[in-house]
Amino acid sequence: MRLRCAVLDDFQRVATGIADWSPVADDVDVVSFGTHFAGEDALAAALTDFDIVVTLRERVAFPGSLIARLPRLRLLVASGMRNSVIDYAAAEAHGVTVCGTASSSTPPVELTWALLLGLARGIVEEGTGLREGGPWQRTVGADLHGRHLGLLGLGRIGARVAAVGLAFGMRVSAWSQNLTRERADEVGVEHAPSKEALLREADFVSVHLALGDRTRGLLGPAELALLKPTAYLVNTSRAAIVDQDALLAALHGGRIAGAGVDVFDTEPLPAGHPMRTAPRLLATPHLGYVSQANYATYYGQAVEAIRAYLDGSPVRRLPVSPARDAQAVPARTESTGRR
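Keep in mind that this is a model prediction, so the values were computed, not measured.

> Can you help me understand the overall build of the protein chain in this one?
Of regular secondary structure, the protein chain possesses eleven helices and twelve strands. Computed over C-alpha atoms, the radius of gyration of the protein chain comes to 21 Å, within 12% of the 20 Å expected from 2.2 N^0.38 for 339 residues, which places it in the range of a compact globule. Counting only C-alpha atoms, the protein chain reaches 65 × 50 × 35 Å along its principal axes. In the protein chain, buried positions account for 50% of the 339 residues. Counted over contacts in the protein chain with a minimum sequence separation of 6, partners at least 24 positions apart contribute 65%. Taken together, the 34 basic and 36 acidic charged side chains of the protein chain have centroids lying 2 Å from each other.

> Explain the packing of aromatic side chains to me, please; I cannot follow it from the model alone.
Aromatic rings in a pair are described by how distant their centres are and how their planes are angled relative to each other. Throughout the structure, instances matching the rule amount to eight aromatic pairs. Taking the centre distance of 5.4 Å and the plane angle of 40 degrees together, the rings of W113 and F168 count as tilted. Placement of the pair is W113 in helix α4 (residues 106–120) and F168 in the loop between α6 (156–167) and β7 (171–175), with a sequence separation of 55 residues. The buried category is assigned to W113, whose relative accessible area is 6%. Judged by its relative accessible area of 35%, F168 falls in the partly exposed class. Aromatic rings pair up to connect Y289, Y295, Y298 and Y299 into one cluster. Note that R4 overlies the ring of F50, its terminal NZ or CZ placed 4.3 Å from the centroid.

> It is not clear to me how the side chain of S176 should be interpreted in this structure. Could you clarify?
Of note, S176 is situated in the loop between β7 and α7 (181–187). Given the relative accessible area of 15%, S176 is considered buried. Polar side-chain contacts of S176 include one of 3.1 Å to the backbone nitrogen of L179. Each residue touching S176, except ones within four places of it in the same chain, is listed here: G153 and L209.

> Looking at this structure, I do not really get the nonpolar core. What am I missing?
The nonpolar side chains of a soluble globular protein tend to be buried with one another. Counting residues in hydrophobic clusters, the biggest one holds 30 residues, and the most contacted among them are L152, V205, L219, L233, L247 and M275. Secondary-structure elements contributing two or more residues to this core are α8 (195–201), β9 (204–207), α10 (244–252) and β11 (258–261). Broken down by element, the residue count for this core peaks at five residues, all from α10. Ignoring sequence-local partners within four residues, the contact set of M275 consists of Q244, L247, L248, V261, F264, L269 and L281. Judged by nonpolar contacts, the second largest core, of 27 residues, contains A120, M170, A184 and Y232.

> Please clarify how the pairing of β9 should be interpreted in this entry.
When a strand is regular, its side chains alternate between the sheet's two faces. Neither face of β9 is exposed, since F204 and S206 on one face and V205 and V207 on the opposite face are all buried. The sheet contact formed by strand β6 (residues 148–152) and β9 spans four bridges and is parallel. Across the sheet, the residue bridging to L151 is S206, located in β9. Across four bridges, β9 lies against strand β10 (residues 232–235) in parallel orientation. Note on β10: the bridge partner recorded for V205 is L233.

> Can you help me understand the sheet that holds β6 in this one?
Strand pairing in a sheet relies on backbone hydrogen bonds, with the paired strands running either antiparallel or parallel. The sheet built from seven strands is open, its strands ordered β8-β7-β6-β9-β10-β11-β12 with parallel pairing. One side of each edge strand has no neighbouring strand; the edge strands of this open sheet are β8 (190–191) and β12 (281–283). Contacts from α10 reach β10, β11 and β12, with the element oriented near 140 degrees to β11.

> So what exactly am I meant to see when it comes to the sheet that holds strand β2 (residues 28–32) here?
Across the sheet, five strands lie side by side as β2-β1-β3-β4-β5; this open sheet has parallel pairing. The two strands at the open ends of the sheet, each matched to only one other strand, are β2 and β5 (97–99). Across the sheet, the mean angle from the axis of one strand to that of its neighbour is 15 degrees, orientation sign disregarded. The sheet contact formed by strand β1 (residues 3–7) and β2 spans five bridges and is parallel.

> Hey, could you run me through the environment of S65 in this one?
Assignment of secondary structure puts S65 in helix α2 (residues 64–67). The exposure class of S65 is partly exposed, given its relative accessible area of 39%. Considered as a pair, S65 and G254 are 189 residues apart in the sequence and their alpha carbons are 43 Å apart. There is a polar contact of 2.7 Å between the side chain of S65 and the side chain of E40.

> Looking at this structure, how should I read the packing of α4 against α6?
Packed helices, taken two at a time, are described by their axes: the angle between them and the distance between them. Interhelical geometry of α4 versus α6 gives an angle of 45 degrees and a closest axis separation of 9 Å. Our classification of the angle between α4 and α6 gives oblique. Every pair of crossing elements has a handedness; the one defined by α4 and α6 is right-handed. The residues of α6 that touch α4, namely those facing T106, P108, V109, T112 and W113, are I157, R160, V161, V164 and G165. In the contact of α4 with α6, the residues fall into six nonpolar, three polar and one charged.

Conventions adopted
- Throughout this description, residue numbers start from 1 for each chain and increase along the sequence as written.
- With pLDDT at 70 or above as the cut-off, local features in this predicted model cover only qualifying residues; side-chain atom pairs require 80 or more to be listed or tallied, and sums for whole chains, interfaces and linings still use all residues.
- Remark: hydrogens and water are excluded; side-chain values derive from all non-hydrogen atoms of the structure.
- Put simply, DSSP H or I for four residues or longer makes a helix, DSSP E for two residues or longer makes a strand, and each gets a number counted from the N terminus.
- Here the globule rule is a power law, 2.2 Å times the number of residues to the power 0.38, and the radius of gyration is based on C-alpha atoms.
- The buried label applies to any residue whose accessible area, calculated with a 1.4 Å probe on protein chains only, is under 20% of its type's maximum; exposed applies above 50%, and partly exposed to all values in between.
- Note on contacts: a residue pair qualifies if any of its non-hydrogen atoms lie within 4.5 Å across the two residues.
- In summary, the charge assignment counts Lys and Arg as positive and Asp and Glu as negative, without counting His or the chain termini.
- The atoms used to mark charge sites are NZ of Lys, CZ of Arg, CG of Asp and CD of Glu.
- Side-chain rings of Phe, Tyr and Trp (the six-membered ring for Trp) are treated as a pair once their centres are within 6.5 Å; stacked means planes under 30 degrees apart, edge-to-face means over 60, and tilted covers the remaining angles.
- We call a charge positioned over a ring when the NZ of a Lys or the CZ of an Arg lies within 6 Å of the ring centre and within 35 degrees of the ring normal.
- Contacts described as polar in this section are N or O atom pairs within 3.5 Å, which, within protein, must combine one atom able to donate a hydrogen with one able to accept it, while residues neighboring in sequence count only if both atoms come from side chains.
- Buried Ala, Val, Leu, Ile, Met, Phe, Trp, Tyr and Cys residues form a nonpolar core when they are joined through side-chain atoms within 4.5 Å.
- Strands are labelled as partners when DSSP assigns at least two bridges between them.
- Think of each axis as a best-fit line through the C-alpha atoms, taken over the contacting stretch in the case of a helix, with angles from 0 to 180 degrees between the N-to-C directions.
- Throughout, the term roughly parallel applies to angles under 35 degrees, roughly antiparallel to angles over 145, roughly perpendicular to angles from 65 to 115, and oblique to all others.
- Working rule for handedness: look at the near helix, and if it is turned counterclockwise from the far one by less than a right angle, call the crossing left-handed; if clockwise, right-handed.
- In this classification, the charged set is Asp, Glu, Lys and Arg, the nonpolar set is Ala, Val, Leu, Ile, Met, Phe, Trp, Tyr, Cys and Pro, and all remaining amino acids, among them Gly, are polar.

In structure tokens:
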């Protein structure tokens, strides 16, 4: 009996073309969904007849209540090797194997700089004005050389963002609750004495932290008030790290020069969401991980995971533990890059 595999949130309709699915073609029928299913009822209805589900990052939650409503589900493949929205205990209780894939830190680093440079030089405003016959030159760009880049987080992604800032001739400092001076020295940046000091001094602040109890709401009204009125904030990490209402208030009030945001409290962003029309905001629809190479890895390794499961030897099982699957994270990948 052939199995059925659902690929969720394939907005660009590339999942079945960017990777070779022939290794599972004799055993599995693949159905790609280009629209997002909002809510558990919609997901349960759409996935009830599927044995395998491939999901992108942490966009779709799989709580125990949903898993219980999917009696045929046997394999869940999530891109990346960390996923906080899957109930692993419920999956195990219902006989569902969960596997992951590698994920490169390069695309979010590059998008961070696309947003930062776009903000600093008014690229969208100037480009739109040029195409629409507006005034010739509207903005005066903010320089990077000699300016202060403050990084919240200095993991794999933060360190690579720092390297680009240093190449631009910026002064770079970093802070996180676990950051040590030794780590800062290793990357070649300053160790900010506190979060508040970094926010007060930086001309550009970029967020590269994992979301958890200690980082949720890390930048609220009081923290955003510390930023200079000429400062820019970039968040390609997780929306909940920055208080969204406080950020909107700062943008509308002109209390900061601008923000570049790739992550939102609700995704996809609803049509009437205030983040779509906020002033001084350069926003992208969560493109941090969206690149040809990353998608080829995601879907290529999803095929590997499906084939391995069918052969009785699941690979890259989640959650990762020392006792589980030595193949979980190949040494040459960047799947554990922290945001």
